[in-house]
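Notes for the structure review
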Amino acid sequence: MNAPVRHRLLQLGPLPPDLQRRAAEQYVLEPLWTQPAPADFLAAQHGAFDGAIMMSRHGCQAPVIACLGAAPRPGVVACFGVGYDGIDLAAARRHGVQVSTTPDVLTDCVADTALGLMLACARQLVAADRHVQSGAWLQGPFPLATRVSGKRVGIVGLGRIGQAIARRAQGFDMPVRYHARSARPGVAYPFVARLGELADWADFLVLACPGGPQTRHLVSAAVLEALGPDGYLINIARGSVVDEDALVAAIRAGRIAGAGLDVYADEPRVPAGLLGNDRVVTLPHVAASTRETRRAMEQLVLDNLAAFFATGKVLTPPC
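The notes below deal with the structure included here. The structure presented is a predicted model; accordingly, all values stated were derived computationally and were not measured.

**Topic: the pattern of salt bridges**
What the rule picks out here adds up to ten salt bridges. Arg160 is paired through a salt bridge with Asp104; the nearest N and O atoms lie 2.6 Å apart. Taken as a pair, Arg160 in helix 7 (residues 160-171) and Asp104 in the loop between strand 5 (98-100) and helix 5 (107-122) lie far apart in primary sequence, 56 residues in all. On the basis of relative accessible area, Arg160 is assigned to the partly exposed category, the value being 49%. Under the relative-accessibility criterion, Asp104 is labelled partly exposed at 45%. Among the salt bridges present, the one from Arg130 reaches Asp278, with a minimum N-O distance of 2.4 Å. One end of the pair, Arg130, is in helix 6 (residues 125-133); the other, Asp278, is in the loop between strand 10 (258-261) and strand 11 (280-282), and 148 residues separate them in sequence. According to the relative accessible area criterion, Arg130 is partly exposed, its value standing at 42%. Asp278 sits in the partly exposed class, given a relative accessible area of 40%. Beyond isolated ion pairs, a larger network of salt bridges with shared partners links Asp108, Asp112 and Arg168.

This is the structure:
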């Protein structure tokens with residue numbers, strides 16, 4: 001009896017170890033990023049692959065998608081991550097290539113992190129820990145911080161993660177309003193059409209919107225000015241959403257109270273002006289980095305691949 005044919009996948013970058021192992025057991029993986037001349041390799045292998053596997057940070061541009069689209073059956077791009085701003089979706093539509101991401105399974109952990117950053121910033125938890133660890137408590141008490149309960153939360157982007165953040169904020173008796181491209185039907189939270197108006201109202205401006213050209217530097221110097229010296233910026237979305245030069249300037253000048261950040265424009269490089277400041281809490285893009293979420297994301301990548309090869313349709317397309 002003949003062994004089943006193993007589908008060939010382009011691997012666009014390093015994968016988490018368990019996902020790497022499990023994918024290699026089921027598919028023939030070809031690591032594109034190790035090729036000395038990736039463009040030449042894609043040209044030579046035009047139409048030879050059934051799909052691609054990647055993480056959000058790898059990106060997937062038109063040449064890869066064209067290679068997949070030239071196969072006898074246009075292929076699939078299976079992405080580990082919820083962000084798809086680095087994937088050329090227009091090229092995928094042109095070439096008939098399907099795309100999958102891993103939504104929902106990371107929603108709770110990312111929303112938890114947003115609340116954690118709000119608490120860490122306002123209550124100065126990281127600085128307070130350093131106060132104890134360094135022995136400074138022996139010399140005197142830690143300064144007063146800012147209350148979180150009852151403060152106003154403005155959420156930019158009210159998708160799955162934004163709504164999960166809003167639900168958690170209500171547990172802290174925090175009024176919630178939101179800004180998005182348009183009002184969402186059936187949502188009880190007030191919609192604010194102008195981001196500057198939302199920033200002016202909010203004590204915490206929480207970013208939960210997609211990245212990409214449409215939202216690049218959405219949080220500008222003017223938005224930070226509207227947030228004001230008592231307001232905190234929380235970003236668990238994409239680093240590109242914030243004008244980081246304007247953020248550094250606002251922090252240095254005290255034009256905002258502080259910032260809690262899990263994402264940056266040029267990871268893992270973080271602007272020097274955001275480091276070494278007790279009013280800024282910086283995380284290394286770990287909002288979804290829990291064992292439970294990682295396992296669920298890995299499984300969903302594999303489930304999307306299996307569904308595509310069995311039915312021609314992925315389970316969780318990006319939009």
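Now, onward.
**Describing the sheet that holds strand 10**
Taken together, the six strands give an open sheet; going across it, the order is 7-6-8-9-10-11, and neighbouring strands pair in parallel fashion. Two strands lie at the open edges of the sheet, namely strand 7 (176-179) and strand 11, each paired on one side alone. On average, each strand axis in the sheet is tilted by 15° relative to the strand beside it, whichever way the strands run. In terms of strand pairing, strand 6 (residues 153-156) meets strand 8 (residues 204-207) through four bridges, oriented parallel. Bridging across to strand 8, Gly154 finds its partner in Leu205.

**Here we look at the pairing of strand 3 (residues 51-55)**
Across a regular strand the side chains alternate sides, sitting on one face of the sheet and then on the other. With respect to burial, strand 3 is a largely interior element, five of its five residues being buried. Relative to strand 3, strand 1 (residues 8-11) is paired through three bridges, and the arrangement is parallel. Along strand 3, the bridge assignment pairs Leu9 with Gly51. Bridge analysis of strand 3 against strand 4 (residues 76-80) gives five bridges, and the strand direction is parallel. The residue bridging Gly51 from the neighbouring strand is Val76, located in strand 4. Since strand 3 and strand 4 lie parallel, the crossover through helix 3 (residues 62-69) that links them has a hand, and here it is right-handed.

What counts and what doesn't
- Throughout, a residue's number is its position along its own chain's written sequence, starting from 1.
- Only residues with pLDDT of at least 70 get local features here, since the model is predicted, and only at 80 or more are side-chain atom pairs given and counted; chain-wide, interface and lining totals rely on the full set of residues.
- Excluded from the side-chain calculations are hydrogens and water; all other atoms, namely the structure's heavy atoms, are used.
- Just to be clear on terms, a salt bridge is a Lys or Arg side-chain nitrogen sitting within 4 Å of an Asp or Glu carboxyl oxygen.
- Each helix is a run of H or I in the DSSP string that is no shorter than four residues. Each strand is a run of E no shorter than two, and both are numbered from the N terminus.
- Using a 1.4 Å probe on the protein chains alone, a residue whose accessible area is under 20% of its type maximum counts as buried, one over 50% counts as exposed, and one in between counts as partly exposed.
- When DSSP finds two or more bridges between two strands, those strands count as paired.
- In this analysis, axes come from line fits to C-alpha atoms, helices being fitted only over the stretch in contact, and the angle between any two N-to-C directions falls in the range 0 to 180 degrees.
- When the strands point away from the viewer and the connection leading from the first strand across the helix to the second strand turns clockwise, the crossover is called right-handed.

Honestly, that's just the spatial picture; any functional story needs more than this.
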